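Letter by letter, the chains look like this.
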Amino acid sequence: MNNNNYYNKNIINDVKSINVGAGTKIWQFCVVFPDAKIGKNCNICANVLIENDVIIGDNVTIKSGAQIYDGITIEDNVFIGPNVSFTNDLKPRSKKYPREFAKTFLKTGCSIGANATILPGITIGEFAMIGAGSVITKNVPNNQLWYGNPASFKAYVCKCGNKISADNNANLLCDNCIYLAWGGESFRNKRNIIAYIA
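Every chain begins its residue count from 1, and numbering advances along the sequence as written. A pLDDT threshold of at least 70 governs which residues receive local features in this predicted model, and a stricter bar of 80 or more applies before side-chain atom pairs are shown or counted, although totals over entire chains, interfaces and linings include all residues. Remark: hydrogens and water are excluded; side-chain values derive from all non-hydrogen atoms of the structure.

(A) Summary view of the overall build of the protein chain. Numbering of helices and strands starts at the N terminus; helices are DSSP runs of H or I of at least 4 residues and strands are runs of E of at least 2. Check the secondary structure of the protein chain and you find one helix and 22 strands. The cut-offs for exposure are 20% and 50% of the maximum accessible area for each residue type, with area from a 1.4 Å probe on protein chains only; residues under the lower value are buried, those over the upper are exposed, and the others partly exposed. When burial is assessed residue by residue, the protein chain has 38% of its 198 residues classed as buried. Of all intrachain contacts in the protein chain linking residues separated by at least 6 positions in sequence, the fraction that spans at least 24 positions is 14%. Note on areas: Shrake-Rupley with a 1.4 Å probe; residue coverage comes only from the protein chains shown. Counting every atom, the protein chain has about 10,700 Å² of accessible surface; 50% of that belongs to carbon and sulfur. Here a residue-residue contact requires only that any non-hydrogen atoms of the pair lie within 4.5 Å.

(B) Expanded view of the sheet that holds strand β8 (residues 61–62). An order of β2-β5-β8-β11-β14-β17-β19-β20 is seen for the eight strands of this open sheet, with the pairing classed as mixed. Since the sheet does not close on itself, it has two edges, and those belong to β2 (25–26) and β20 (151–156), each with one partner. At least two bridges found by DSSP between two strands are what make those strands a pair.

(C) Fine view of the nonpolar core. Counting residues in hydrophobic clusters, the biggest one holds 36 residues, and the most contacted among them are Ile50, Ile68, Ile80 and Ile112. Counting residues per element, the ones that place at least two in this core are β7 (54–56) and β10 (72–74). With sequence-adjacent residues up to four places away left out, Ile112 is seen in contact with Phe79, Ile80, Gly81, Val84, Leu106, Ile118, Ile124 and Ile130. Definition used in this section: a nonpolar core is a set of buried Ala, Val, Leu, Ile, Met, Phe, Trp, Tyr and Cys residues joined via side-chain atoms within 4.5 Å.

(D) Expanded view of unusual backbone geometry. Here the amide bond leading from Asn149 into Pro150 is cis, since omega sits at -5°, within 30 degrees of zero. Here Pro150 shows up in the loop between β19 (144–148) and β20. Positioned with a positive phi, Asn47 is a non-glycine residue whose angle comes to about 65°. Mapped onto the elements, Asn47 comes out in the loop between β5 (43–44) and β6 (49–50). Judged by relative accessible area, which is 44%, Asn47 ranks as partly exposed. In this structure, Asn83 takes a positive phi of about 60° despite not being glycine. Summarising the element assignment, Asn83 is placed in the loop between β11 (79–80) and β12 (85–86).

(E) Fine view of the packing of aromatic side chains. Working definition: a ring pair exists when centres of Phe, Tyr or Trp rings (six-membered ring for Trp) sit within 6.5 Å. Plane angles under 30 degrees give stacked, over 60 give edge-to-face, the rest tilted. For the structure on display, the rule yields one aromatic pair. Cation placement over rings: the criterion is NZ of Lys or CZ of Arg within 6 Å of the ring centroid and within 35° of the ring normal. Between Lys154 and the ring centre of Tyr147, over which it is positioned, the NZ or CZ distance is 5.1 Å.

Right under this line is the structure:
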């Protein structure tokens, strides 16, 4: 692969992996280990560390200061905010390594707010949203907003990121997205059934 496809050689960084998809940008002061796999059209901002046993899908944004350690899989269209910290060992000791690092999964379309900490072995569901500064200690289901320390469920969220009103929980779409899905026609949600209004 031609390295010029994904980063400017004039920028100071240490990209050892050749498994980087077309159109991906890796900015200054990043370190990418040799076995890391990074998809197409990603944006890896300054000062990001990506270790070996890491898989990153397509169209992923990783903002400055995030650390992506061994055992983390990031699916397509995920957003990781600045200074997000992932962990991969519940009982860390200097120079002592587990037989295998815990596996953490970020599912398609989820978003992690700035300075969040994700404990090892966690799965964050599709289109879930994690608030800034949160500490994630358990799995987060699809389309849920969690925040706090420790983080807990606060609301359902649409694919677009808006909160979903209580009336639309079964649809997992916000009022605006339902409106657009119906071609801009008026609608209402009653007992979880979308009814067209003339």
